[in-house]
Amino acid sequence: MKNFVVKTIANAAALAVAIWLVKDITLTGDNTGKKALTLVLVALVFGVVNFVVKPVVKFLSFPLFILTLGLITFVINALMLLLTSWLAGKLNLNFHVHGFWTAVLGGLIISIVSWAMHMVLPDDED
């Protein structure tokens, strides 16, 4: 359970940084509390997408990993972010990613910040 909470916090922080740095990744809301709740809910959706969909996509695109020397990872991360944006829209969450290249940049930022957050935050492996 602690690992789940840590991953959700890391995802929320990474998404917040991407929203802050990239103008075409937006999170709208009436007040700060609603934005924070929306951010946590989007982080949960992002975590589910990365847990369920991403491994399947990585498995099916394995030949492209070899062919591109792993650079296809940027495309897969962008697609996961676009899928999260689409699902957020279906769930009436005010999170939107506008465009593929925006998603590529956002995915790169989220990957870097998530990695840094996982280095700082504790996990269950103690």
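Residues numbered from 1 in each chain as written. Predicted model: local features only at pLDDT ≥ 70, side-chain atom pairs only at ≥ 80, totals over all residues. Heavy atoms only, no water.

> Explain the packing of helix 1 (residues 2-21) against helix 2 (residues 32-60) to me, please; I cannot follow it from the model alone.
The geometry of a pair of packed helices is captured by two quantities: the angle between their axes and the separation between those axes. Relative orientation of the contacting elements helix 1 and helix 2 amounts to 110°, with a least axis distance of 8 Å. In terms of axis orientation, helix 1 runs roughly perpendicular to helix 2. Like other packed secondary-structure pairs, helix 1 and helix 2 cross with a definite hand, here right-handed. Of the residues in helix 2, those touching helix 1 at Phe-4, Thr-8, Asn-11, Ala-12, Leu-15, Ala-16 and Ile-19 are Leu-39, Val-40, Val-42, Ala-43, Leu-44, Phe-46 and Gly-47. Classifying every residue of the contact of helix 1 with helix 2 gives 11 nonpolar, 3 polar and no charged. (Axes fitted to C-alpha atoms, helices over the stretch in contact; angles between N-to-C directions. Helix = DSSP H or I, 4+ residues; strand = E, 2+ residues; numbered from the N terminus. Parallel < 35°, antiparallel > 145°, perpendicular 65-115°, else oblique. Left-handed = near helix turned anticlockwise from the far one by under 90°. Contact = heavy atoms within 4.5 Å. Nonpolar A, V, L, I, M, F, W, Y, C, P; charged D, E, K, R; others polar.)

> Explanation requested: the nonpolar core in the structure shown.
In a soluble, globular protein the nonpolar side chains are often hidden away together inside. Core analysis: the largest hydrophobic core is formed by 29 residues, its most contacted members being Leu-15, Ile-25, Leu-81, Phe-95 and Ile-110. Where this core is concerned, the elements lending two or more residues are helix 1, strand 1 (25-27), helix 2, helix 4 (72-90), strand 2 (95-97) and helix 5 (100-120). Discounting chain neighbours no more than four positions away, the residues touching Ile-25 are Ala-18, Ile-19, Leu-81, Phe-95, His-96, Val-97, Thr-102 and Gly-106. (Core = buried A, V, L, I, M, F, W, Y, C linked by side-chain atoms within 4.5 Å. Buried < 20%, exposed > 50% of the residue type's maximum accessible area, 1.4 Å probe, protein only.)

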